[in-house]
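The residues making up each chain are set out below.
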Amino acid sequence: MLMLDLFPHPSTLLCLISDGSVVYAEALWDHVTMDDQELGFKAGDVIEVVDATNKEWWWGRMVDSEGWFPASFVRLRVNQDEPMEEYLDHLEEAQSGQEDRSGLGLFLGPGLPCKEQMRTNVINEIMSTERDYIKHLKDICEGYIKQCRKRTDMFNEEQLRTIFGNIEDIYRFQRKFLKGLEKKFNKEQPHLSEIGCCFLEHQTDFQIYSEYCNNHPNACIQLSKLMKVNKYVFFFEACRLLQKMIDISLDGFLLTPVQKICKYPLQLGELLKYTNPQHRDYKDVEAALNAMKNVARLINERKRRLENIDKIAQWQSSIEDWEGEDVLSRSSELIFSGELTKLSQPQTKSQQRMFFLFDHQMVFCKKDLLRRDMLYYKGRVDMDHMEVVDVEDGKEKDFNISVKNAVKLRSTSGDQLHLLSAKKPELKERWIRAFNDERRQVQHDRDTGFSLTEVQKKQAMLNACKSHPAGKPKGRNPQEPQEHQPSECGYTSKTYGVGSVTNNTITK
C-alpha cells in the first residue's frame, strides 16, 4: 500500500472527516482522467479528502473541482495543518479549564504530548516510506531490468542504461541507508529516534541521484519510442504482473527516484518542526535538512549545466575559422561576455574584440565589418594560469600608454600579458566580478566533483552540427536569452523546492 496511515487507529481518518476536521492528502502520482466524476491532479498536489468510506476510491476537493480519485495515488500529509492548529486552540482552552481534554485523544497517541506524537508520526512516515521505496526499487530491478536482460532480442545494454539509468546503484545505496535508519529507529518510542546522523553520514552518497535525474528525460524519450510497438507494451505489462506490482506504467515507476530525492528536505523540515531544541537529535536533523537541500541544489545546478552545454556547442558551431580544441573539452559554463579593447605584447596596436569568459578559458573573436552578427575566432586565454590585475587610470608602465577602465591578464609563467579596457567604469567592475566568479566556479566544480563525460561532450557537438545542416546562424552569443522552460531535473520548479532554474544568462 503506497498510502501511509499517520494516525493511531484505522478508523481515525473517518472519524476526523465525520467530526468536521479538514484532512489533506498529497498526490504521489499524476491522475489523468476523462471522466467528469473523477478528480484529476499531478504528483505533489494537495487534495482535501471529503469522503473516505470506500477503501479504493475517495472523494476529494481541489480549488473549484471535486471528484473521485484512487486512494493508492495519495498519502495523508504528515502535518494536517488546519486540524493541528485547531487542536492547539483546544489544548490551550483545556489547559485553562475551559474545555474537557477527553476530546483531544483523537489527535494524541496514548500518553504522549502533542509535539512528541507529531514527531512519532513523522519518524514513522520516514521509516515506512523508506521501506516502501526499497520494495519499489527492488521491483524495478528484479521485475523489469532482470527480465529485460534476458531478452537480448528486444534490448541491448545501451538501451537499458538509457531507460533505467543508474537505478541499480541507487537501489544498493538505499538498502545501506535503510539499514542505518533501522539501527537508529526506536521501535518502542519512535519520537526518541535519532536519525539525523544517518542523512549526514550519507549526504555525499545522495549525489548519485544527479546522474539519474539528468538522464531521466532521455529515459522518457527512449521508453516512449518503445511503447509505440505493441510487443514492448505487452512485455512491460507482463513484467509488472509477474512481479505483482501496482497498476502504474513503467514511466510512472521510473519517476519515483526523482520524486524521492525531492521529498527528503520536506520530510526533514517536518521532523525539525516537531523536534524540541533540547532533543539529542535536533542539531543533526537541522544539519541534515541543510545537507539535503544542498543535494537538491547540486542536482539542480548540474541539470542546468548539462542543459547549457548544448547552447555552448551551438554557439561554437556558429563561429567562423574556429581553431584548436572545442570549448567543451575544458569548459561547461559561460560566465560573462562583452566587448573590450585588447592590447597584447608584443603588439602595439589595440583591437576591438568580443570576449566570452567560460570556466577555465576565455575566447575572443572579431566582428565582421559588414555583418555585425558574424564572428571570427581569434584566440583564447587559459584562465587557469592567469592573474587578473586591476589597473589604475593613467600611465601603464608595462605598455607605456595611458589607459582608462583597464585590467591586465598576466600569465603565471610571465610569457603572456594582455591589457583589456572597457568603455565605462561600471563595465570594468563587472568584468572584475566575472573574473572572480570564474575562479569560484572552477573551485566549486573541484569541490563537488562536477565534470562532463566524453559522451556528453560529443553528443552536444553532434547535436550542434545537426541543428545547422545548411547555412548556420552566425556569431550567436551563448549568453543571449532563449526560450527556456524552468527545469529542475526536467520537472516543474516545485519538484525540488529550491526555486526555478534560469538560463545561462548571469545577473548580479
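The notes below deal with the structure included here. Everything numeric in this text was worked out from a predicted model, so none of it was measured.

## Brief notes about the nonpolar core
Line of reasoning, step 1. Core analysis: the biggest nonpolar cluster contains 81 residues, and Phe164, Phe199, Phe206 and Ile261 have the highest contact counts within it.
Line of reasoning, step 2. With 14 residues, the single largest contributor to this core is helix 3 (residues 114-150).
Line of reasoning, step 3. Every residue in contact with Phe206, bar those within four places of it in the chain, is listed here: Phe173, Gln174, Phe177, Phe199, Ile261, Tyr264, Met292 and Val295.
Line of reasoning, step 4. Within the second largest apolar cluster, 22 residues are counted, among which are Phe356, Cys365, Tyr377 and Ala464.

## Quick notes on the sheet that holds strand 7 (residues 351-358)
Line of reasoning, step 1. Strand order in the open sheet formed by 7 strands is 9-8-7-6-14-13-10, and the pairing between neighbours is antiparallel. Every interior strand has two partners, whereas the edge strands, strand 9 (375-382) and strand 10 (386-391), have only one. Here the strands of the sheet are splayed against their neighbours by 35° on average, with no regard to which way each runs.
Line of reasoning, step 2. Pairing analysis gives 5 bridges linking strand 13 (residues 406-411) to strand 14 (residues 417-421), with the strands arranged antiparallel. Residue pairing for strand 14: Val407 is matched across the bridge by Leu420.
Line of reasoning, step 3. Sheet strands touched by helix 11 (residues 425-448): strand 6 (334-344), strand 7, strand 8 (361-367), strand 10, strand 13 and strand 14. Its angle to strand 6, the strand with the most contacts, is close to 120°.

## Looking at the environment of Asp398
Line of reasoning, step 1. As for its placement among the helices and strands, Asp398 is situated in the loop between strand 11 (394-396) and strand 12 (401-403).
Line of reasoning, step 2. Along the sequence, Asp398 and Leu419 sit 21 residues apart, while their C-alpha atoms lie 9.3 Å from each other.
Line of reasoning, step 3. With residues near it in sequence (within four places) discarded, Asp398 still touches Gln345, Lys408, Arg410 and Leu417.
Line of reasoning, step 4. A polar side-chain atom of Asp398 sits 2.5 Å from a polar atom in the side chain of Lys408.

## Regarding the packing of aromatic side chains
Line of reasoning, step 1. In this structure the tally under the stated criterion is 25 aromatic pairs.
Line of reasoning, step 2. Note on Phe155 and Phe236: the rings are 5.8 Å apart at their centroids and 50° apart in plane angle, and the pair reads as tilted. Placement of Phe155 in the loop between helix 3 and helix 4 (157-164) and of Phe236 in helix 8 (residues 230-242) is noted, with a sequence separation of 81 residues between them.
Line of reasoning, step 3. Note on Phe155: relative accessible area 4%, which makes it buried.
Line of reasoning, step 4. Take Phe236: its relative accessible area is 3%, and that puts it in the buried class.

## Some words on unusual backbone geometry
Line of reasoning, step 1. With phi around 50°, Val63 is a residue other than glycine that occupies positive phi space.
Line of reasoning, step 2. With respect to the secondary-structure elements, Val63 resides in the loop between strand 3 (57-62) and strand 4 (65-70).
Line of reasoning, step 3. Here the phi dihedral of His360 falls at roughly 80°; this positive angle occurs in a residue that is not glycine.
Line of reasoning, step 4. Mapping His360 onto the fold places it in the loop between strand 7 and strand 8.

## Describing the sheet that holds strand 5 (residues 74-76)
Line of reasoning, step 1. Across the sheet, which stays open at both edges, the 5 strands sit in the order 4-3-2-1-5 with antiparallel pairing between neighbours. One side of each edge strand has no neighbouring strand; the edge strands of this open sheet are strand 4 and strand 5. Sheet twist, expressed as the average angle between the axes of neighbouring strands with direction ignored, equals 45°.
Line of reasoning, step 2. Pairing of strand 1 (residues 23-27) with strand 5 involves 3 bridges; the strand directions are antiparallel. Its bridge partner being in strand 5, Glu26 is matched across the sheet by Arg75.

## Some thoughts on helix 9 (residues 250-273)
Line of reasoning, step 1. When the terminal C-alpha atoms of helix 9 are compared, their 35 Å separation across 24 residues agrees well with the 34 Å that a helix rising 1.5 Å per residue should span.
Line of reasoning, step 2. Of all the bends in helix 9, the greatest, near 30°, is centred on Lys263, and the proline Pro265 appears no more than four residues after it.
Line of reasoning, step 3. In terms of burial, helix 9 is a largely internal element, 19 of the 24 residues being buried.

## So, the packing of helix 7 (residues 208-226) against helix 10 (residues 282-317)
Line of reasoning, step 1. Running from amino to carboxyl end, helix 7 crosses helix 10 at an angle of 45°, the nearest separation of the two axes being 9 Å. In terms of orientation, helix 7 lies oblique with respect to helix 10. The interaxial crossing formed by helix 7 with helix 10 has right-handed handedness. In contact with Tyr209, Ser210, Cys213, Asn214 and Pro217 of helix 7, helix 10 contributes Ile299, Arg302, Lys303 and Leu306.
Line of reasoning, step 2. Broken down by class, the residue content of the contact of helix 7 with helix 10 amounts to 5 nonpolar, 2 polar and 2 charged.

Rules used in this analysis
- Residues numbered from 1 in each chain as written.
- Predicted model: local features only at pLDDT ≥ 70, side-chain atom pairs only at ≥ 80, totals over all residues.
- Heavy atoms only, no water.
- Core = buried A, V, L, I, M, F, W, Y, C linked by side-chain atoms within 4.5 Å.
- Buried < 20%, exposed > 50% of the residue type's maximum accessible area, 1.4 Å probe, protein only.
- Helix = DSSP H or I, 4+ residues; strand = E, 2+ residues; numbered from the N terminus.
- Contact = heavy atoms within 4.5 Å.
- Pairing = 2+ DSSP bridges.
- Axes fitted to C-alpha atoms, helices over the stretch in contact; angles between N-to-C directions.
- Polar contact = N/O pair within 3.5 Å; in protein donor to acceptor, adjacent residues only side chain to side chain.
- Phe/Tyr/Trp six-rings, centres within 6.5 Å; stacked < 30°, edge-to-face > 60°.
- Expected span 1.5 Å × (residues − 1).
- Bend = angle between axes of the 7 residues up to and from the residue.
- Parallel < 35°, antiparallel > 145°, perpendicular 65-115°, else oblique.
- Left-handed = near helix turned anticlockwise from the far one by under 90°.
- Nonpolar A, V, L, I, M, F, W, Y, C, P; charged D, E, K, R; others polar.

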